[in-house]
Amino acid sequence: MMTLSCPKVTPDNIALNSQAQTEIDDELEALEERKRALRTRRNTHSPISSIPPELLSTIFVFHVQQTQSRYSPDNPNILSWRIIGRICRHWREIALGTPELWATPFLNCSKATDEMLTRSKMAPLNLKIGRRYRMDCIQKALMHMERLEVVSLLFLHGDTAGCRCIMEFINKLSSRSAPKLRSLALEVGNRQTPRIAIPIYFPAPNLCNLRIKHCDLSWASSVLTGLTVLDIKKISPECLPTLDELISALRRMPALHTLVLEDALPTLSSHTASLPRAPRAMNVQLFHLKHLRLTATMLEVANVLTCIESTTSEVRLVCRASSGNPNQGWDLSLPIISRALESCFKGPPDKSRQAPRSMQLSSISGCVRLSYSTVRNPSSWTTTASCLDLSTECPIILDFDFPIHMARTILSDLGRIVPLGSIEAMYFNCFFACWDGFWADVLTRGGARNLAYMHLRGPFEVLEELLKSLRSRKHSVSRSVGGRSQQGPIFSPALSHLVLHQLEFDSSIFNWMRPSDLLDVLIDRVNEGRGLDHLAITLTSGIFARDVQLLREVVADVSWDGYASDEEYLTDYMEEDDDDDDDDFMDYEFYSDGYAS
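From a predicted model like this one, the values you see are computed outputs, not experimental measurements.

A. Structural view of the overall build of the chain. When its secondary structure is counted, the chain shows 15 helices and 20 strands. The contacts of the chain with a sequence gap of at least 6 include a subset with a gap of at least 24, amounting to 65%. As displayed, the chain has an accessible area near 31500 Å², and 53% of this comes from carbon and sulfur atoms.

Right under this line is the structure:
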């Protein structure tokens, strides 16, 4: 029998083995270090390593800015740019040696805030909070008052701790200078008491961008000096300016290019019978103004517009009806608003001013909205969401929150201001009742001679009125309307593309909304040499495959999503089984719970 024996383990053997392992580990570590050094040397010979560190640093800063613009301040992905420090040792050294990369602290993590404040050294700081934040992180960052360049504290839900933080920051700012501060945005909840107030003395000499909401300020404050962006929303009634105070403040901002005043305009009595007119020489001249947004009653908006001389190309006016006589307020304000819009619509075309190519008529909570764009088919208009902010796509937005019975007056009057001859596309997304001659009022009886594209979504009347308007003047195969033939010029003679979205056809002979009526008016236009090239029908009920087949004989390109096909099948099925006994509609025995009567 073989006997196995283990070598005798002695303390000396253990020590020798341990020493040998240590020596091997040291050799492995030295080998790894040698490999890292060789990789670094190899990387120095790659083309990208020939980029000077200063240029590479600039590229990194640009990349970080692009990343930060894509994510909200509290999204961890906003730090995804840090991967550049893991590419190679050279890039990591440059990233760590570029303070600007770390100058926007992540205020949702205490460790990240501390590290970024340290690595940013003395670079100007950008402080922006999202919905999630740590108050201790905000307070740490605000301690660097001399480095603050951008501060955006938007406490949207009226957080008490957040409001206290803003108050402490304002108090510090009133006693300590913020020489690098260029942009300040403050917002608290509308129920916050006491209200946050911007002090009269404000030692931020380089501030050029001020945005506040639900905060108060004195219109004599030094903060209202030299600004290029002024955005004030929802200030207290007792802090609303007089017209003289507002004009005086605007005179201190000759380079202003963005002016937003929402419920921050001088008030007027609802019984105002006339608007004061100062000599034109007394008006404030804002020739750098590019974006203007005013929200108040129409009289208050007009009252401010009388005193501003500008060549702004992007305007949004949100006008509410006065509590007194809305018709009188409209009549008093319209001439002034018309003159203000002339520089946008009828001024000489140049690089900053172009004729509108498309218009959108929509209704938001009963408010009539007219939008005009220099883009033929703005991408934001093809969805159900409305364009709420000024942009290059939509330079003119007019909101009128007036009684709905004034819609006809509003649309007819505005139709005489807008150069409809340049309009190529029309988007309709309204749900108020249309009237007889609706499209003639909206498009001023033939004024839209270049209108080639229409996108319709709304109540049944809008479809009915459109079909009436599309009828031919002569040789019409379509039904007459009230025994009358179509008179006047051809409706939108250039129309070539029609989109019907979420509309409803009706087979009743007592209205003008049958699919056959659409077919007839399109035949009329073909006979007039004005036939459609494209017809799109989406989410529209009351039209079936047999109707679409007939339409394709008149229009070369007809797209239909088959929305009503199920309804058509159900209708045919019900007609086939119409004579069946009602008792056979449901098999009660099948659905019984086992207890037969």
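Resuming the write-up.
B. Structural context of the packing of helix α4 (residues 110-119) against helix α5 (residues 135-142). Their axes nearest at 9 Å, the elements α4 and α5 cross at an angle of 15°. Here α4 is positioned roughly parallel relative to α5, judged by the angle of their axes. Considering how the two elements wind past one another, α4 and α5 form a crossing that is right-handed. Mapping the contact onto sequence places S110, T113, D114 and L117 in α4 and D136, C137, K140 and A141 in α5. Each residue belonging to the contact of α4 with α5 can be placed in one class, and the counts come to three nonpolar, two polar and three charged.

C. The arrangement of a negative patch on the surface in detail. The grouping of E23, D25, D26, E27 and E29 at the surface amounts to a negative patch. Inspection of the secondary structure puts E27 in helix α1 (residues 11-43).

D. Representation of the pattern of salt bridges in the model. All told, the structure shown has 18 salt bridges when counted by the stated rule. Between R357 and E424 there is a salt bridge whose closest N-O contact spans 3.0 Å. Remark: E424 occurs in the loop between α10 (407-415) and β16 (425-429) and R357 occurs in the loop between α9 (326-345) and β13 (358-364); sequence separation between them is 67 residues.

E. View of empty space enclosed by the protein. Per the stated rule, a full pass over the model turns up one cavity of 30 Å³ or more. Space inside the largest cavity adds up to approximately 50 Å³. Along the walls of the largest cavity sit M359, L370, Y372, L411, L414, G415, V418, L420 and V442, which together make up its complete lining. Broken down by secondary-structure element, the contributors of at least two residues to the lining of the largest cavity are β14 (367-373) and α10. With three residues, α10 is the single largest residue contributor to the lining of the largest cavity.

F. Quick peek at the confidence of the model for the chain. Mean pLDDT over the chain: 81, with 82% of residues reaching 70 or higher. Scored below 50 in pLDDT, residues 384-390 makes 22 contacts in the model with residues more than four places away or belonging to other chains.

G. Fine view of helix α12 (residues 460-470). α12 sits mainly inside the fold: 10 of its 11 residues count as buried. Within the sequence span of α12, burial applies to E461, V462, L463, E464, E465, L466, L467, K468, S469 and L470. Considering only its buried residues, α12 is in contact with β16, α11 (438-442), β17 (453-457), β18 (497-501) and α13 (515-527).

H. Geometry of the side chain of D413. Relative to the elements of secondary structure, D413 occurs in helix α10. Residue D413 is classed as buried on the basis of its relative accessible area, which comes to 12%. Here the side chain of D413 touches W330 through a polar contact of 2.7 Å, side chain to side chain. Discounting chain neighbours no more than four positions away, the residues touching D413 are W330 and L334.

I. Geometry of the packing of aromatic side chains. Summed over the entire model, instances satisfying the criterion amount to 11 aromatic pairs. Here Y427 and Y453 contribute two aromatic rings whose centre-to-centre distance is 5.5 Å and whose plane-to-plane angle is 40°, an arrangement assigned as tilted. A residue pair is termed long-range when its members are at least 10 positions apart, and Y427 in strand β16 and Y453 in strand β17 qualify at 26 residues. Taking the relative accessible area as the measure of exposure, Y453 reaches 11% and is therefore buried. With 5.6 Å between their ring centres and 85° between their planes, F428 and F438 make a pair best called edge-to-face. Residue F428 is located in strand β16, and its partner F438 is located in helix α11; the two are separated by 10 residues in the primary sequence. With respect to burial, F428 and F438 carry one shared label: buried. Site record: aromatic cluster; members linked through ring pairs are F428, W435, F438 and W439. Residue placement shows R119 over the ring face of W102; its charged tip is 4.7 Å from the ring centre.

J. Spotlight on the pairing of strand β10 (residues 291-297). Buried residues dominate β10, accounting for six of its seven residues. In terms of strand pairing, strand β8 (residues 258-262) meets β10 through five bridges, oriented parallel. Bridging from a neighbouring strand, L259 pairs with L292 of β10. As paired strands, β10 and strand β12 (residues 314-320) are joined by seven bridges and run parallel to one another. Bridge assignment links R293 to a residue of β12, and that residue is R316.

K. Molecular detail of the state of the cysteines. Per the stated rule, a full pass over the model turns up zero disulfides. No disulfide involves C319; its nearest neighbouring cysteine sulfur is the one of C367, lying 8.9 Å away.

L. Molecular detail of helix α3 (residues 89-96). Every buried residue belonging to α3 is among W91, I94 and A95, and all of these are buried. For α3, the arc enclosing every buried residue in end-on projection is 100°, short of the 170-degree limit, so these residues lie on one face. Where α3 is buried, its residues touch α2 (53-70).

M. Representation of a nonpolar patch on the surface in the model. A cluster of nonpolar side chains, I24, L28 and L31, forms an exposed patch at the surface whose accessible area comes to about 280 Å². Within the secondary structure, L28 is located in helix α1. Under the relative-accessibility criterion, L28 is labelled partly exposed at 47%.

N. Molecular detail of unusual backbone geometry. Here the phi dihedral of K121 falls at roughly 50°; this positive angle occurs in a residue that is not glycine. Assignment of secondary structure puts K121 in the loop between α4 and β1 (125-128).

O. Local environment of the pairing of β1. Sheet analysis places β1 next to strand β2 (residues 148-154), joined by four bridges and oriented parallel. Opposite L125, over in β2, you have L148 as the bridge partner. For the segment spanning β1, α5 and β2, crossover handedness is right-handed.

What counts as what
- Residues numbered from 1 in each chain as written.
- Predicted model: local features only at pLDDT ≥ 70, side-chain atom pairs only at ≥ 80, totals over all residues.
- Heavy atoms only, no water.
- Helix = DSSP H or I, 4+ residues; strand = E, 2+ residues; numbered from the N terminus.
- Contact = heavy atoms within 4.5 Å.
- Areas by Shrake-Rupley, 256 points an atom, 1.4 Å probe, with all protein chains shown as cover.
- Axes fitted to C-alpha atoms, helices over the stretch in contact; angles between N-to-C directions.
- Parallel < 35°, antiparallel > 145°, perpendicular 65-115°, else oblique.
- Left-handed = near helix turned anticlockwise from the far one by under 90°.
- Nonpolar A, V, L, I, M, F, W, Y, C, P; charged D, E, K, R; others polar.
- Patch = residues over 30% accessible without salt bridge, like charges linked within 9 Å, V, L, I, M, F, W, Y side chains within 5 Å.
- Salt bridge = Lys/Arg side-chain N within 4 Å of Asp/Glu carboxyl O.
- Lys, Arg positive; Asp, Glu negative; His and termini not counted.
- Charge placed at Lys NZ, Arg CZ, Asp CG, Glu CD.
- 1 Å grid on protein atoms, 1.4 Å probe; cavity = no way out; pocket = protein on both sides within 12 Å on 5 of 7 lines; lining within 4 Å.
- Points joined across faces, edges and corners; volume = space filled by probe spheres on them.
- pLDDT = per-residue confidence, 0-100.
- Buried < 20%, exposed > 50% of the residue type's maximum accessible area, 1.4 Å probe, protein only.
- Polar contact = N/O pair within 3.5 Å; in protein donor to acceptor, adjacent residues only side chain to side chain.
- Phe/Tyr/Trp six-rings, centres within 6.5 Å; stacked < 30°, edge-to-face > 60°.
- Lys NZ or Arg CZ within 6 Å of the ring centre and 35° of its normal.
- Pairing = 2+ DSSP bridges.
- Disulfide = S-S within 2.5 Å.
- Arc of directions from axis to C-beta.
- Right-handed = clockwise from strand over helix to strand, strands pointing away.

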